[in-house]
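Secondary and tertiary structure notes
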Amino acid sequence: MLARWVRLAMLPLLAGLTACDSGPNRIVIRIADWGGAGDDSDFTRTLAAIRREFEVANPGVEIRTEHIPGSQAYVRKMLLNFIAGAEPEIMVLDASSAAVFINNGVLMDLKPLIDRDPEFKVGDYFENVVDIARRGDRIYAIPGDFTPMVMYFNKDLFDRFGVPYPKPGWTMDDFLATARALTREGKYGFKFTNWMPGWLPLAWNFGADVLDASGDRATGSFDGPKMVEAVDFFRSLIERDKVAPSLSAAAAQGYDPFLHGDAAMEVSGHWAMVGYSIPPVDSNGKPKISLDRIGVVELPTNLEKSVTVMYEAGFAIGRNCRHPEIAWKFIKHMTSYGVQKRYHATGIAVSARKDVARERAVDERERAFLRIVPSARKPWGAVVEGYDNVEAEGQKMLDGVLKSGMPPLAALQKAAAAIDEDFRRR
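Before going into details, it helps to say that this report is about the structure given with it.

Here is what the cut-offs are and how they apply
Residues numbered from 1 in each chain as written. Predicted model: local features only at pLDDT ≥ 70, side-chain atom pairs only at ≥ 80, totals over all residues. Heavy atoms only, no water. Axes fitted to C-alpha atoms, helices over the stretch in contact; angles between N-to-C directions. Helix = DSSP H or I, 4+ residues; strand = E, 2+ residues; numbered from the N terminus. Parallel < 35°, antiparallel > 145°, perpendicular 65-115°, else oblique. Left-handed = near helix turned anticlockwise from the far one by under 90°. Contact = heavy atoms within 4.5 Å. Nonpolar A, V, L, I, M, F, W, Y, C, P; charged D, E, K, R; others polar. Buried < 20%, exposed > 50% of the residue type's maximum accessible area, 1.4 Å probe, protein only. Pairing = 2+ DSSP bridges. Salt bridge = Lys/Arg side-chain N within 4 Å of Asp/Glu carboxyl O. Phe/Tyr/Trp six-rings, centres within 6.5 Å; stacked < 30°, edge-to-face > 60°.

**So, the packing of helix α10 (residues 225-238) against helix α17 (residues 387-404)**
It is at 10 Å that the axes of α10 and α17 come closest, and there the two elements cross at 45°. In terms of their interaxial angle, α10 and α17 are classed as oblique. Helix-helix and strand crossings are classified by hand; for α10 and α17 the assignment is right-handed. Facing V231, F234, R235 and I238 of α10, the residues of α17 in contact are M397, L398, V401 and L402. Classifying every residue of the contact of α10 with α17 gives seven nonpolar, no polar and one charged.

In C-alpha cells, the structure reads:
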C-alpha cells in the first residue's frame, strides 16, 4: 500500500524540520484546506471573521490559510508537504481521504491534548462522526462539519402530479413506482449522476458493496450478485423505465434538471441546500425551485433499515507541529459552540456538535438530517488508502454500462479485477 512508500520517503526528511514560520514576536499557524482562493460570499466572510477573532484573542499569533484547489490535488500536495517536512500546523482532514494520512503516522494523536483539557468534551460531538478519525483509543481529528447523503424531493412536482411524499422505510420498489408516477409532461422522476460517492450508498441499500470487509479486495464484492442487481437497477432507471435522463442527454442539455425543476428527486448532501436557496429563474424572473418546497428523506432500501454514507471534514494537527498547544486552541475555537453556531448559519453542512445541530433542527429538513445521522457510516476512503482509484474504476464501470451498453456483470468483473491489481501493486 501507499503507506509503505510514504514511511520510507519520510524517514530521512522529517527529522529536525519545522512546519511553521515563526519569528521572535509572532507564531504563524498554517492551515491547509481544499478549495479555490475564496470569494465574497457570506460563508467566506464569516469564516475570515472567525479566524481574525482568534488572532485578536491571541496576540502574536497569525492564522495563515492555504487553499489547495481540488480534493485529489489537495491529497497529493499534502502528502508531498509531509514528506518534505513542510506540512502546515493544521490540515482539514477529509473523511474521503483520511486513511492515507492516519495510516501513515503523519498526524498527531489528539487524545493526550483532550485528556488534559477539562473544557473539551468528546461527548459533545456525534460519536459516529468522531469515529471516522478514531483508531482504538487514538483520535486524529476533531470533526467540524459533515453530511449524510439523503434523498431530496421537490414537493411542487409531487403535488402537481398528486404523488404522495416519500416516507422513511420506503423500498426500492416504492422509489421506482414513485419515479414512474412523476415522469410525465417533460419532467423526470429522478436525476441520476455517475458520481460514485453519490450512487454507492444506493447500492449499499441493495446489500452490495465495493470491497470486502477487510477493505483490500474487490473481487467477490464489487462483482457480486447484489452489486449486479444494483447496477442493473441504475440502468433500468434510464433505459427501461426512462424515469431519469441519460448521462449523454443530461450532459448535452448542460444544466441541472433538479435545480431547474425538471426532475423530482436526487441524491445529495446538505451542501445542496445552498444551491437550492439561489436557484435559476425563468424568463419572467420566477425561481425554478423553492428551498421551502424541498423535502428530505432517507434513501430507499431493500434492507431492514436504510443505510447511507457521511462525508465529513475535521481538523488534524501534523505530528511534527512545533506549537501543538496553540494549534489545539485554534481547533477548540473552530469547533466551539459559538463559532459552530455562526458557521452553520450558512447552511453548508451539519454541525458535528450535537447541541448546535439540534438547535438548528427547526424545520422538517434539518430534523430529517438528524434522524438519518445514526444510519450513516464512514466512507471507504476513511479506512482504505488509494480509494480514489476505486472511485475512478467505479465511474468507468458505470460509464461502460450506461454509455457503451456493457452488461453489468462483465463491467463489474473488469472493474473489480483492475481494483485488485492496483491494490497488489501498492
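**Details of unusual backbone geometry**
For E185, which is not a glycine, the phi torsion comes out positive at approximately 50°. With a phi close to 55°, K242 is a non-glycine residue in the positive phi region. By the element assignment, K242 lies in the loop between α10 and α11 (247-253). Residue classification places K242 among the exposed residues on the basis of a relative accessible area of 51%.

**As for the pairing of strand β8 (residues 150-154)**
Within a regular strand, the side chains alternate between the two sheet faces. Extensive coverage of β8 is indicated by the burial of five of its five residues. Both faces of β8 are covered, namely the face carrying V150, Y152 and N154 and the face carrying M151 and F153. Across four bridges, the pairing between β8 and strand β10 (residues 294-297) is antiparallel. Residue F153 lies in a different strand from β10, and its bridge partner there is G295.

**Some details on helix α9 (residues 196-204)**
For α9, a buried count of nine out of nine residues is recorded, marking the element as mostly surrounded by other parts of the structure. When α9 is considered as a whole, its buried residues turn out to be M196, P197, G198, W199, L200, P201, L202, A203 and W204.

**Concerning the pattern of salt bridges**
As enumerated under the stated definition, the model contains 30 salt bridges in all. In this structure, the salt-bridge partner of D117 is K332, at a minimum N-O distance of 2.8 Å. Placement of the pair is D117 in the loop between α5 (111-115) and α6 (127-130) and K332 in helix α13 (residues 324-334), with a sequence separation of 215 residues. Of the two residues examined, D117 and K332, each falls in the buried class. Put simply, E359 and K341 hold a salt bridge, and the shortest N to O gap is 3.6 Å. With E359 in helix α15 (residues 354-359) and K341 in helix α14 (residues 337-343), the pair connects residues that are 18 residues apart, well separated along the chain.

**Notes on the sheet that holds β10**
The strand order across the open sheet formed by three strands is β9-β8-β10, and the pairing between neighbours is antiparallel. Across the chains shown, the open sheet's two edge strands, defined by having one partner strand only, are β9 (265-268) and β10. Across the sheet, the axes of successive neighbouring strands diverge by a mean angle of 30°, strand direction being ignored. Most of the contacts of helix α16 (residues 364-372) go to β10, to which it runs at about 15°, and overall it touches β8 and β10.

**A short note on the packing of aromatic side chains**
One pass over the structure, following the stated rule, counts 20 aromatic pairs. Aromatic pair F120 and W328: ring centres 5.0 Å apart, planes at 65°, arrangement edge-to-face. Placement of the pair is F120 in the loop between α5 and α6 and W328 in helix α13, with a sequence separation of 208 residues. Assessed through its relative accessible area of 8%, F120 is described here as buried.

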